[in-house]
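Structural overview
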Amino acid sequence: MEAQKERAEDVQLRIADWITRFAGSMQFVYIHVAVFAVWMVWAEKSPWPTLTLIVSLEAIFLSTFVMIGQNRQAEFTRKKADHDYEAQELELRHNTHLTELVHTLTVEIHRAVDAAAAGEPDSDGNPERGPGATA
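The rules behind these values
Residues numbered from 1 in each chain as written. Predicted model: local features only at pLDDT ≥ 70, side-chain atom pairs only at ≥ 80, totals over all residues. Heavy atoms only, no water. Salt bridge = Lys/Arg side-chain N within 4 Å of Asp/Glu carboxyl O. Helix = DSSP H or I, 4+ residues; strand = E, 2+ residues; numbered from the N terminus. Buried < 20%, exposed > 50% of the residue type's maximum accessible area, 1.4 Å probe, protein only. Expected span 1.5 Å × (residues − 1). pLDDT = per-residue confidence, 0-100. Axes fitted to C-alpha atoms, helices over the stretch in contact; angles between N-to-C directions. Parallel < 35°, antiparallel > 145°, perpendicular 65-115°, else oblique. Left-handed = near helix turned anticlockwise from the far one by under 90°. Contact = heavy atoms within 4.5 Å. Polar contact = N/O pair within 3.5 Å; in protein donor to acceptor, adjacent residues only side chain to side chain. Patch = residues over 30% accessible without salt bridge, like charges linked within 9 Å, V, L, I, M, F, W, Y side chains within 5 Å. Areas by Shrake-Rupley, 256 points an atom, 1.4 Å probe, with all protein chains shown as cover. Phe/Tyr/Trp six-rings, centres within 6.5 Å; stacked < 30°, edge-to-face > 60°.

1. A few points about the pattern of salt bridges
Pairs may arise between side chains of opposite charge once their charged atoms sit close together. Here the structure, examined in full by the defined rule, presents 4 salt bridges. Notably, a salt bridge pairs D82 with R78, separated by 2.8 Å at the nearest N-O pair. With D82 and R78 both in helix α4 (residues 48–118) and 4 residues apart, the pair spans about one turn of that helix. Relative accessible area serves as the criterion here: at 37%, D82 is assigned to the partly exposed category. Residue class for R78 comes out partly exposed when judged on its relative accessible area of 42%.

Written out as structure tokens, the structure is:
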């Protein structure tokens, strides 16, 4: 949520997202095929030097946009991993506490059962009745 809010607030990131999304589409491929075909067949007598320059510049910019996207994805992944780690640590502490409480209750139950079997008084001083004893 925070990463999406950050993207929405930054105009530069929104533009980079749009360009990256468009450059990764088949529409982008079709437009390039059409433009390059028109250029090579009808626009110039010798299109290769200019076309090579344009395609090289386009590749430089597109690779930069891809790297921007990868850097942002890496940052998002790092933040998510940090959040997941904190959540797991909290869950581990909670589970450890519950396990300790269950152990404490189990020990108390065993003591009470042993005391009742031996006829010893309970923690309130009342005599415990052993197995088979009647009230």
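2. Examining α4
Its 71 residues place the ends of α4 101 Å apart at the C-alpha level, agreeing with the 105 Å of an ideal helix rising 1.5 Å per residue. What α4 keeps buried is the set L51, R72, A115 and A116. Taken from the residues just after α4, G119 is the one with a positive phi, measuring 75°.

3. A look at the confidence of the model for the protein chain
Residue-level pLDDT values for the protein chain average 86, and 86% of them are 70 or greater. Mean pLDDT values for the elements of the protein chain range from 70 in helix α1 (residues 2–9) up to 93 in α4.

4. Side note on the packing of helix α3 (residues 26–43) against α4
Contact geometry for α3 and α4: axes closest at 11 Å, N-to-C directions at 160°. When the interaxial angle is binned, α3 and α4 end up roughly antiparallel. Handedness of the crossing formed by α3 with α4: right-handed. Where α3 abuts α4, its residues F28, H32, F36, W39 and M40 lie against W48, T50, L51, I54, V55, E58 and L62.

5. Things to note about the environment of S56
Structurally, the position occupied by S56 is in helix α4. What makes S56 partly exposed here is its relative accessible area of 36%. At a separation of 2.8 Å, a polar atom in the side chain of S56 contacts the main-chain carbonyl oxygen of T52.

6. Brief notes about a nonpolar patch on the surface
On the surface, V38, M40, V41, W42 and W48 cluster together into a nonpolar patch covering about 580 Å² of accessible area. The leading source of residues in the nonpolar patch is α3, at 4 residues.

7. Things to note about the packing of aromatic side chains
Summed over the entire model, instances satisfying the criterion amount to 2 aromatic pairs. When the centroid spacing of 5.5 Å and the interplanar angle of 5° are considered together, the rings of W18 and F22 count as stacked. One end of the pair is W18 and the other is F22, both in helix α2 (residues 11–23) and 4 residues apart, which spans about a single turn. On the accessibility criterion, W18 (52% relative accessible area) is exposed. Geometrically, the ring pair formed by F22 and F28 is edge-to-face, given 5.5 Å between the ring centres and 90° between the ring planes. A relative accessible area of 24% means that F22 is categorised as partly exposed. Through pairs of rings, three or more aromatic residues link up here, namely W18, F22 and F28.

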